[in-house]
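If you want the building blocks of each chain, they are given just below.
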Amino acid sequence: MEQRSADLAAPAPTTGENVEPSTVGQTVPATPTPATPTPATPTQLRWLRRLRPQALIGSSYLLLAFALTIRVWSEPARNIIAGNPNDTGLYCWWLAHTAHAVTSLSNPFITHLANAPEGINALWNTSVLVPGLILTPLTIVAGPVASYNVLVVLAFLLSASGAYLFARTLGVRTAPAYVGGAVYGFSPALVAAGTGHLSLVLAPAIPLLLCLVTDIVRQTGRPLRKGLLLGTGAGLQLLTGEEVLFITAVTATLGLALLMASRPEYVRRAGGSARALLIAFLSCLALTGIPLGIQFFGSPRSHGSPFLTNFFKSDLTGFYVPSARQLLASAAQTERAAAYQGGAPEYMAYLDWPLLIICVSATVIGFRDLRLRIAGLTGAALAVLTLGSTLLVRGIETGLPLPWHLVARIPVFDAALPDRFALGTALMAGLVLAIVLDRLPSQLDLGGPLTATVAVAVAAVCVLPLVPRPYSVERSPDVPSFFTTNAIEILPTNSNVLVLPYPSGVQTAPLFWQAAARFHFSMPGGYFIGPAEDGQAYMGGRMPTATARLLTDVGKGMSSEPLTPARIAQARDDFARLRIRAVILGPTPHAAELRDTVTFLTGSQPTFTGGVYVWLPA
């Protein structure tokens, strides 16, 4: 028999919640005696009773987040999570850039501090503007690496808490909702994203925005208030990471379609929901209209995706083969997972057999429970989307077409990476498990203690395979003292400086150096998405100059071509066109070769100061 909570109902009030003790006839002194503490009112007592379990739950999630990242805290301003240092360097640069934009009152949406003089459109890149804005004081005081590490901890805390609140919104009791929150907040999808993909691991918006959508559909509360909250939340997420907002929108669309198919009465009374959604759209547009205008009509702007089509997708075996990120994974399993074509940070689909079996069987057996039906089918649909356009099994491309093939060329979809829908799959899997645990007492007639034992056993079997290892750490690049002392003053302020090794997606030390110098100078190159001549998005934008390609090859130890007069003339022409006022060579394995090459190209000898070579051509 279908329960009340199966129809997306809110959790029932606790016993005595609506009982208001009478205060008639009581005498309240006008001014309490200082020595006599004012007693808490019944309303305050109820609020404190409600707050206590939430505080305990949030504290436990926070402790889990600290345990996962424990190794970075020995030196949080220098340690970074190991495994993806270049992407981590990119996010640290954007955090530092946002702080610089705030303190210098410059445009945070378009920057010419990298890829100079053309510049970079921040919203075509993962610029995490809202978190960067919030943590500007910390970035200024402790540096961007410290801010990055704080944000990773907050990401796990807030994502788990958001999933917990989503489950509670759907009528799940506290303990099962806590388990569901942990499954999502510390899922393999989020733990993998935590390896250098800050805009993805910051994913509390998925459950929190779905909470608001659920309330709007149930038409609880005022449409204006709910619409404003949803629109503001969506706008803030857009300015944090557009990809997570896109995943949320697809998840909500799938869930709403299943709801309307299951309960036609929601269609008949959709007027109030439509008004709230319209308010949400307008409030989101009011918050993000100017940034979106700059993104799509400003310069430089791009279109399409810089990544290979149908490459970043889940392997079918990735759903049940754990990676080295999982504590209980065997050596053979981690070896298989390590062969995944997308790399460790994109290995996001893993849920393991126990949770997969629970999700499938619960969806089938509990199909009459609307919550299980929608969560299970939505999670299954998202899981299929993660597989991309064609099926990949054990690293072998089968060529079997899948539903993503139908939408892969639609604008916006064409810029998405299918494997990242695993975030939505993990949320739905956690929600299904929470609902199953919540329903067990009514489904099993075993007595209280025995039912609790069964629930703990089910939770343990599903959760233990997902438990992650604490992150390993590595050091962020050393910053020569030149960039942190008055030595930097020999460079003209706001001048364009060629920094070597040439900054790129695989050489991000110069990004740390520029941030440490508090953006005293701009520089060509960088790690960014930008347009080629036809506007198509590429990593690094337009083809680098001939001189940049030469210096990149020398920095890799790959170039043995003679420096002919034509080469020297080309270099000086490139320097003049880019308005290069100085060249800086920092620590790098091929520093001697680069030093000699730049000396030939510029015709001047360098000065060694503060750990770097500096050329100031006339």
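What you see is a predicted model; the values in this text were computed from it and never measured. (Residues numbered from 1 in each chain as written. Predicted model: local features only at pLDDT ≥ 70, side-chain atom pairs only at ≥ 80, totals over all residues. Heavy atoms only, no water.)

Looking at helix H10 (residues 223-238)
Keep this limit in mind: Numbering of helices and strands runs from the N terminus; a helix is a DSSP stretch of H or I covering at least four residues, while a strand is a stretch of E covering at least two. Expected helix span is computed as 1.5 Å times (number of residues minus one). Residue burial is assigned from relative accessible area. The probe radius is 1.4 Å, only protein chains are included, and a residue is buried under 20% of its type maximum, exposed over 50%, and partly exposed in between. What the arc describes is the spread of directions from the helix axis to the C-beta atoms. The criterion used for residue contact is that any of the two residues' heavy atoms lie within 4.5 Å.
In this model, H10 (16 residues) spans 22 Å end to end at C-alpha, consistent with the 22 Å of a helix rising 1.5 Å per residue. Among the residues of H10, those classed as buried are Lys226, Gly227, Leu230, Gly231, Ala234, Gly235, Gln237 and Leu238. Along H10, the residues classed as buried sweep out an arc of 165 degrees about the axis, all on the same side. Opposite the buried face of H10, by more than 90 degrees, sit the exposed residues Leu224 and Arg225. Residues of H10 that are buried make contact with helix H9 (205-218), helix H11 (242-262) and helix H13 (271-297).

Side note on unusual backbone geometry
The amide bond that connects alanine 116 to the next residue, proline 117, takes the cis arrangement and shows omega of 5 degrees. Within the secondary structure, proline 117 sits in the loop between strand S2 (110-111) and strand S3 (120-121). Residue proline 501 follows leucine 500 across a cis peptide bond; omega there is 5 degrees. Along the chain, proline 501 falls in the loop between strand S7 (496-500) and helix H20 (509-516). Phi is positive for valine 412, which is not a glycine, with a value near 80 degrees.

Overview of the pairing of strand S10 (residues 580-585)
For clarity, the cut-off: When DSSP finds at least two bridges between two strands, those strands are taken to pair.
Of all 6 residues in S10, 5 are buried, a share of seventy percent or more. As paired strands, S7 and S10 are joined by 5 bridges and run parallel to one another. Opposite leucine 498, over in S10, you have valine 583 as the bridge partner. Bridge count for S10 against strand S12 (residues 612-615) is 3 bridges, and the pairing is antiparallel. Pairing of isoleucine 584 across the sheet is with valine 614, part of S12.

What about the nonpolar core?
Cut-off, in case you're wondering: Only buried residues count toward a nonpolar core, which is a set of Ala, Val, Leu, Ile, Met, Phe, Trp, Tyr and Cys residues joined through side-chain atoms within 4.5 Å.
In this structure, Phe156, Leu198, Ile206, Leu355 and Leu423 are the most contacted members of the largest nonpolar core, which totals 92 residues. For this core, the leading source of residues is helix H18 (residues 422-443), giving 14 residues. Counting 29 residues, the second largest nonpolar core, distinct from the first, contains Leu113, Ile120, Phe482 and Ala487.

Some thoughts on empty space enclosed by the protein
Selection criterion: A cavity, in this analysis, means grid points on a 1 Å lattice covering only the protein atoms where a 1.4 Å probe fits yet has no way out; a pocket is instead an open set bounded by protein on both sides within 12 Å along at least five of seven lines, and a residue lines either one if it has an atom within 4 Å of a point. Grid points are joined across faces, edges and corners, and a volume is the space filled by probe spheres set on the points.
All told, the structure shown has 5 cavities of 30 Å³ or more when counted by the stated rule. Lining the largest cavity are 18 residues, and of these Phe166, Thr214, Gly255, Leu256 and Ile374 sit closest to its centre. When residues of the lining of the largest cavity are traced back to their parent elements, those giving at least two are H9, H11, helix H16 (370-386) and H18. At 5 residues, the largest contribution of residues to the lining of the largest cavity is made by H11.

Let's talk about the pairing of S7
Side chains on a regular strand alternate between the two faces of the sheet. Where burial is concerned, most of S7 is hidden: 5 out of the 5 residues are buried. Of the two faces of S7, the one holding Asn496, Leu498 and Leu500 and the one holding Val497 and Val499 are both buried throughout.

Focus on the environment of tryptophan 73
In this fold, tryptophan 73 is placed in the loop between helix H1 (42-68) and strand S1 (79-81). Separated by 220 residues in sequence, tryptophan 73 and glycine 293 have C-alpha atoms that sit 40 Å apart. When residues no more than four places from it in sequence are discounted, the contact partners of tryptophan 73 are Phe66, Asn149, Val150 and Val153.

Notes on the packing of H9 against H11
How we decide: For every element, the axis is a line fit to its C-alpha atoms; helices are fit only across the contacting stretch, and the angle between N-to-C directions ranges from 0 to 180 degrees. Two helices cross in a left-handed way if the nearer one is turned anticlockwise from the farther one by less than a right angle. They cross in a right-handed way if the turn is clockwise. For this classification, Asp, Glu, Lys and Arg are treated as charged, while Ala, Val, Leu, Ile, Met, Phe, Trp, Tyr, Cys and Pro are nonpolar and the rest, including Gly, are polar.
The contact between H9 and H11 brings their axes to 10 Å, and the two run at 35 degrees. Judged by the twist between their axes, the crossing of H9 over H11 is right-handed. Residue-level inspection shows Ala205, Ile206, Leu209, Leu210, Val213 and Val217 of H9 in contact with H11, the latter providing Val244, Leu245, Ile247, Thr248, Thr251, Ala252, Leu256 and Leu259. Looking at the contact of H9 with H11, its residues break down into 12 nonpolar, 2 polar and no charged.

Some points on the side chain of threonine 378
Relative to the assigned elements, threonine 378 resides in helix H16. With a relative accessible area of 2%, threonine 378 lands in the buried category. Other than its neighbours up to four places away in sequence, threonine 378 contacts Thr251, Leu254, Gly255, Leu258 and Met428.

Quick look at the pattern of salt bridges
To be explicit about the condition: Counted as salt bridges are all cases of a side-chain nitrogen of Lys or Arg within 4 Å of a carboxyl oxygen of Asp or Glu.
In total, this model carries 15 salt bridges according to the counting rule given. In this structure, arginine 420 engages glutamate 243 in a salt bridge whose closest nitrogen and oxygen atoms are separated by 2.7 Å. Placement of the pair is arginine 420 in the loop between helix H17 (404-407) and H18 and glutamate 243 in helix H11, with a sequence separation of 177 residues. For arginine 577, the salt bridge is made with aspartate 574, and the minimal N-O distance between the two is 2.8 Å. Within this pair, arginine 577 and its partner aspartate 574 are both found in helix H22 (residues 565-577), separated by 3 residues, close to a single helical turn. Judged by its relative accessible area of 48%, arginine 577 is partly exposed.

Points about the sheet that holds strand S11 (residues 607-609)
Taken in spatial order, the 4 strands line up as S7-S10-S12-S11 in an open sheet, and their pairing is mixed. Each having just a single partner strand, S7 and S11 make up the two edges of the open sheet. Between one strand and the next, the sheet's axes are offset by a mean angle of 25 degrees, whatever the strand orientation.

Describing the environment of leucine 551
Turning to its location among the elements, leucine 551 is positioned in helix H21 (residues 546-555). Leucine 551 sits in the buried class, given a relative accessible area of 2%. A C-alpha to C-alpha distance of 34 Å links leucine 551 and threonine 136, two positions 415 residues apart in sequence. Not counting residues up to four positions away in its chain, the partners in contact with leucine 551 are Leu498, Leu500, Leu594, Thr597, Val598 and Leu601.

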